Amino acid sequence: MKMMMLMIWKEFLHLKKDKLSIKLMIFPVILQALIMGYALTTEVKHTPVAVLDNSKSVSSRSLIESIRNNYLFDFRPQATSPSEIRKRIDAGELRLGLIIKDDFEKSLKSGSGTDVELVIDGQDANSSNVASGYMNAIISQWGMAYLKKQAQNQGKDIDIIIPVKVNTVILFNPMLKSSWYMVPALVVLLITMVTSLLSGLSIVKEKEKGTLEQLMVTPVKPIHLIFGKTVPYFIVGFIELAIFFAFVLVWFGIPFRGSFAVLMLFAAVYMISSLGVGILTSTIARTPQQVLFLIWFILIFFILLSGFFIPVENMPQWVRSVTAINPVKYFMFAVRELCLKGTALSVLFPQLVKLGIIGIVVFFASVRLFNRRAG
Amino acid sequence: MFKRLYAIVVKEIYHISRDWQTMMIIILMPVMMMFLYGYALTMDLKDVPVIVEDPELSKEAALVTKDIDASTLFSVIGTVSSAQEPAELLKKYHAKMIVRFPVSFAKDLRSGAGGANIQVLIDGSDANTGTILRNTIGNVITKSVLDMLNIIQPKAVTVHPVVLYNAQQKSALYFVPGLMAIILLMISAMLTSLTITREKELGTMEQLLVTPLHPAEIIIGKILPYMFIAAIVGVLIMIVGRYFFDVRIAGSIPLLAVTGSIYIFTSLAIGLLISTVAAKQQDAMMIVLPVTMLPTIILSGFIFPVSSMPAILQAITCIVPATYFLEIIRGIVLKGVGLSILLKPVLILLGIGLLLVIVAVKRFRVKL
């Protein structure tokens, strides 16, 4: 036990002397959190749109006005022909083009209804889906208002014709802000990078300098060494997580509805895996550069398959079964649930157990491998 | 001159074939990325879990529920008679939406006085999914009810969508050209900066410099193999895209080849510049990842739409070369537009590349 404490103390001394690592833990993380917090948005705003108004009537102008007043769209100068709309979409100036026919008002008044054409730049399926959904909603809202007015003039009530009303209520994130979902997950990624990289580099540095061999001939056992290398980063990671989490929540105005103690419990269990990954790579690698490379490689897959920006539920079944061994997925899920929904520990318990199993397996695998290599 | 250049090229090819790291970046990475983005990472939502609250278990509500379940977007995972705490239900069963029918749904429908009110609770924590659910559910329910009662919906304006370029709305079509920008950058910028710093780190760069070789020959000889590898990988990506993900090149292939080469040139220039700053391979990695890879993935419009970002970040995207290459490659592959429309991004990309090369060459001379 004393041996272990000494190793931990030694590692803290290293850390204190290593100005670069300390800087690496703080500044890039803050910068990345800020940049990505703003950049990683799946919201679709300011979609550039132009209208071709062949009708040039009171009604068409009223419809255009209701689109123009919407902040979701950037209104661009009117087009004069369908081919011009196509050309401007080709050039990337527009994402949507609305074509109003010349008999727009006449068909409306006749009661048969009219139609408009919406030309959509479909390259990005997700964004174009959302943008055209907004446009559809605005147009049908305008249409309903028009019908209502028409019916009122004839002394009827439109509500009777459609006997159902759907009221949607958005829970947990009523403004549907992307940052509420992405930023807490971002902290998870940053903490993963910091803890796995630092623990990975710390062992391989001793290898490079040849001091690992010196340590091996002392009575220090490999297990002491590994604990000595991980415990300081565990503590540092823990503190860093708490501080960064508080910082971004305040900065981006994100609520935290769950229990902070549960979050910390998850963080502690999670860090066993992320530190384990660091130890595992540094056992395999011979130089710091190889550690960097391997961790970067592993993290790409952990991140892509964590549900960070693409929901795991969208993935095919076999990929979903692969993600079952991804610790980032469980921790990210728990953090988001705790933040936005305030989910209780009893509901999140299965995640905690899986996370714990993964952590123990990774950690023991790395310890065994280290023992073999060292011995 | 060519003989000496050739010798350096051969030497570099030996290096590449013996280094597992380089081979991983060249072969494993593109294959896995293509595979993941092509098959696994899709933004297309389907079968979102929905819970239905139906207190009277009417046949009308059952019909609407069936219609909701039948749409590709939703999948009804259960019906409850009363949802006392809907938020808890959502959390417990990982559902994204609760559709709450009123107690007297069947009667309200036919009452004639205002009709029935259906409340829909949506889990908005994932804003993107929440938005799509909100935009869709109202129409699904209204249509189902109207069909059931044989009412023709009075509609003033019908919107006819015309989807250009990607009529089936598949994510893969958008991701595959985007991956090209990332993989080419990875090969060109990361590998060149690593190979040059490796010679520095091992001290062999000095040995090379005292040989009759001109510094320019060393650099060009070291870079040429990576240019060819990047070009070959680029072609392979397009072939895999064509035969596995059905990404057809709508525009001119020669234009794609030329602009792709310009992008490779610009990426190599970035790598070269980094290698003049970094003394060790580790430093090169540390610079490459945050300075080139991250902006390319996040700030280029690869996944996250640039138009939704704040103004400062939009300004930063203007100096990321991948922003222009993405505009070009998506323009050629998906839209099929020609050089006349793409002239601006092509010139800017070329300009950035030339500027970086000039700076890199200047710095290189000073250092050695």
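Conventions we followed
Residues numbered from 1 in each chain as written. Chains lettered and ligands numbered in written order. Predicted model: local features only at pLDDT ≥ 70, side-chain atom pairs only at ≥ 80, totals over all residues. Helix = DSSP H or I, 4+ residues; strand = E, 2+ residues; numbered from the N terminus. Rg over C-alpha atoms; globule rule 2.2 N^0.38 Å. Buried ≥ 20, exposed ≤ 12 C-beta atoms within 10 Å, placed from the backbone. Contact = placed C-beta atoms within 7 Å. Pairing = 2+ DSSP bridges. Axes fitted to C-alpha atoms, helices over the stretch in contact; angles between N-to-C directions. Domains from an automatic or database assignment. Parallel < 35°, antiparallel > 145°, perpendicular 65-115°, else oblique. Left-handed = near helix turned anticlockwise from the far one by under 90°. Nonpolar A, V, L, I, M, F, W, Y, C, P; charged D, E, K, R; others polar. Right-handed = clockwise from strand over helix to strand, strands pointing away.

### Notes on the overall build of chain A
On a plain count of helices and strands, chain A comes out with 14 helices and five strands. Against the 2.2 N^0.38 benchmark of 21 Å for 375 residues, chain A shows a C-alpha radius of gyration of 29 Å, more extended than a compact globule. Across its three principal directions, the C-alpha atoms of chain A cover 95 × 45 × 40 Å. A burial count over chain A gives 44% of its 375 residues as buried. For chain A, long-range pairs separated by at least 24 residues make up 80% of all intrachain contacts whose partners lie at least 6 apart in sequence.

### Comments concerning the sheet that holds strand β4 (residues 116-123) of chain B
Strands sit in the order β5(A)-β4(B)-β3(B)-β1(B)-β2(B) across an open sheet of five strands; the sheet is mixed. Either end of the sheet is taken by a strand with one partner, and the two such strands are β5 (164-171) of chain A together with β2 (74-80) of chain B. Taking the axes of each pair of neighbouring strands and ignoring which way they run, one obtains an average angle of 25° across the sheet. Sheet topology note: the strand β1 (residues 48-53) of chain B/strand β3 (residues 97-100) of chain B ladder contains four bridges and is parallel. Bridge pairing in β3(B) links Val52(B) to Val99(B). Contacts from helix α3 (residues 59-70) of chain B reach β1, β2 and β3 of chain B within the one sheet, and its direction differs from that of β2(B) by about 145°. Seen against the sheet, helix α4 (residues 86-93) of chain B touches β5 of chain A together with β1, β2, β3 and β4 of chain B and runs at an angle of roughly 135° to β3(B).

### A word on the domain arrangement of chain A
By convention, interface size is frequently given as the accessible area that disappears when the constituent parts associate. Assigned domains within chain A: domain 1 (2-41 + 177-374) and domain 2 (47-160). If you average the C-alpha positions of domain 1 of chain A and of domain 2 of chain A, the two centres end up 50 Å apart.

### Let's talk about the packing of helix α7 (residues 171-202) of chain B against helix α11 (residues 281-298) of chain B
Residue and element names in this part refer to chain B. At a minimum axis separation of 9 Å, α7 and α11 run at an interaxial angle of 165°. Looking at the two axes, α7 sits roughly antiparallel to α11. The hand of the α7/α11 crossing is right-handed. Facing Ala181, Ile182, Leu185, Met186, Ala189, Met190, Ser193, Leu194, Thr197, Arg198 and Glu201 of α7, the residues of α11 in contact are Gln281, Ala284, Val288, Thr292, Met293, Thr296 and Ile297. Of the residues belonging to the contact of α7 with α11, the class tally is eleven nonpolar, five polar and two charged.

### Structural notes on the domain arrangement of chain B
Parsing chain B into structural domains produces domain 1 (11-41 + 170-367) and domain 2 (48-148). Here domain 1 of chain B and domain 2 of chain B have C-alpha centroids that lie 48 Å from each other.

### Observations concerning the interface of chain B and chain A
At the junction of the two partners, chain B supplies 83 residues and chain A supplies 83 residues. Listed by contribution, the elements that provide at least two residues to the side of chain B that touches chain A are α2 (20-40), α4, β4, α6 (127-148), β5 (157-164), α7, α11 and α13 (321-335) of chain B. For the side of chain B that touches chain A, the element with the highest residue contribution is α6(B), accounting for 13 residues. Residue classes in the side of chain B that touches chain A are distributed as 46 nonpolar, 26 polar and eleven charged. Inspection of the sheet shows strand β4 (residues 114-121) of chain A paired to β5(B) by eight bridges, in the parallel sense. Each residue of the ladder has a partner; that of Asp115(A), found in β5(B), is Thr158(B).

### Concerning the pairing of strand β1 (residues 47-53) of chain A
Residue and element names in this part refer to chain A. Within β1, five of the seven residues are buried, which leaves the element mostly enclosed by the surrounding structure. Pairing between β1 and strand β2 (residues 73-75): three bridges, direction parallel. Residue pairing across strands places Val49 opposite Phe75, the latter belonging to β2. In the classification by handedness, the crossover that spans β1, the intervening helix α3 (residues 58-68) and the parallel β2 is right-handed. Bridge count between β1 and strand β3 (residues 96-100): five bridges; the pairing is parallel. Looking across to β3, one finds that Asp53 is bridged to Ile100.

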